[in-house]
Structures are given as C-alpha cells and as structure tokens.
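Below, each chain spelled out in residue letters.
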Amino acid sequence: MRFEHLIEINAASVATQTVVPPFTREQLWRGLMARVHTPQRFPLGPDSCAWREVEPGVIQRTVNFGANAMKDEVQTEAFQKLEFTPQPHGDTTPIRLTITIEEPQAGQMVLRFVYESLSELSAEEAYFNEYRHNAWLHNDRDMVRTLRQWLVDEGL
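Description of the structure in this document. (Residues numbered from 1 in each chain as written. Predicted model: local features only at pLDDT ≥ 70, side-chain atom pairs only at ≥ 80, totals over all residues. Heavy atoms only, no water.)

## Here we look at the pattern of salt bridges
Enumeration according to the criterion identifies ten salt bridges in this entry. For the salt bridge of Arg2 with Glu4, the shortest nitrogen-to-oxygen distance reads 2.7 Å. Of the charged contacts in the structure, one is a salt bridge between Glu154 and Arg41, with a shortest N-O distance of 3.6 Å. Here Arg41 lies in the loop between helix H2 (25-37) and strand S2 (48-55) and Glu154 lies in helix H4 (residues 129-154), a separation of 113 residues in the sequence. Glu154 gets classed as exposed once you look at its relative accessible area, which sits at 52%. (Salt bridge = Lys/Arg side-chain N within 4 Å of Asp/Glu carboxyl O. Helix = DSSP H or I, 4+ residues; strand = E, 2+ residues; numbered from the N terminus. Buried < 20%, exposed > 50% of the residue type's maximum accessible area, 1.4 Å probe, protein only.)

## Focus on the layout of surface pockets
Reported here for the largest pocket is a volume of approximately 1,000 Å³. Surrounding the largest pocket, 34 residues form its lining, Arg35, Phe65, Met70, Trp136 and Asn139 being those nearest its centre. Of all elements in the fold, only strand S3 (58-65), strand S4 (68-77), strand S5 (81-86), strand S6 (95-102), helix H3 (123-127) and H4 reach the threshold of two or more residues within the lining of the largest pocket. A per-element tally of the lining of the largest pocket places H4 first, with six residues. Classifying every residue of the lining of the largest pocket gives 19 nonpolar, eight polar and seven charged. (1 Å grid on protein atoms, 1.4 Å probe; cavity = no way out; pocket = protein on both sides within 12 Å on 5 of 7 lines; lining within 4 Å. Points joined across faces, edges and corners; volume = space filled by probe spheres on them. Nonpolar A, V, L, I, M, F, W, Y, C, P; charged D, E, K, R; others polar.)

## Focus on the sheet that holds S4
What the seven strands build is an open sheet, ordered S1-S7-S6-S5-S4-S3-S2; its pairing is antiparallel. Edge strands, defined here as strands with exactly one partner in the open sheet, are strand S1 (2-10) and S2. Across this sheet, the average inter-strand angle for adjacent strands is 20 degrees, counted without regard to direction. One ladder, built from eight bridges, connects S1 with strand S7 (residues 109-117); its direction is antiparallel. The residue bridging Phe3 from the neighbouring strand is Tyr115, located in S7. The strands touched by H2 are S1, S2, S3, S4, S5, S6 and S7; relative to S6, the strand with the most contacts, the crossing angle is about 165 degrees. Strand contacts of H4: S1, S6 and S7, with the helix running at about 20 degrees to S1, the strand carrying the most contacts. (Pairing = 2+ DSSP bridges. Axes fitted to C-alpha atoms, helices over the stretch in contact; angles between N-to-C directions. Contact = heavy atoms within 4.5 Å.)

By themselves these figures say nothing about function.
Here it is as structure tokens:
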C-alpha cells in the first residue's frame, strides 16, 4: 500500500503570499522537527513523546497514546526530508511516513507526504485504506495549519 499527497506551503504567486505568510525553509524545518520532538503539541497528537538522538540525524522515539506506546525511528536529512519508520506493534502492518520539502518553482514550496506499508496488508487492513488515507490527509493538513499559526504567533 502506498498513499501520497502534496500540501502547498508557499504559493508561487506574490498575491497569495500577502494573505498567507510564506515560510522560509528553516522555519518550515523547525516546525517539522517539532513534530518529531514534541508531537503532543499538535492537534490529535499523543499524550507524550520521549526521544533520543542515537546518531546524527537518527532519532528513536516512544510515543504514548494513553496506555498504548508506539516506538519508531526518525531519520532526518536536514532541511530536506523526514522518514518515520515504526516498529511492528501488535497485528498491525507498520506504515512508514516520509515527508519531503520540495520547491517545484521559484517562490513555491510544498510538502510531499508518502505513506508506505512495510509488508503486505491483511484483507481487513486493506478494507480500511480509504479511511486511513482520509485521516492521514486531514492530520497532515492540521499539522500545516498548526505550523502556520505558530509562524504568525511565535515566529517559528
């Protein structure tokens, strides 16, 4: 299973940038790293997150949702890409998330989100793919909306 979508961060048109403040790549990266280090600050985020950098650019985390704990590893390519790889958890197939910062043209910046299963999905899991895709898209939009609010309120 592979699901991919783009969210525009900075529009190429100057007119749009007067309505929505543009991000610098550094500001966007700081916001994305907040998703790694403090995901509980985001809507529908976990209760807590403990993390440690095990080597440059590699972060191991334990993310807690109530009594449930999920472990993952995040590989970072500074100012370019994040890759979240979960450890297997119960009977659920692990899904890797890759977030890439792209600049298709001058003045425009987008985030590419790619969700990929690390093994074959069961028939039951495949049945719920449409719901999962919808939830991921809404969650990623909420994350960007939160980053925009932080940019305005805190300057990121």
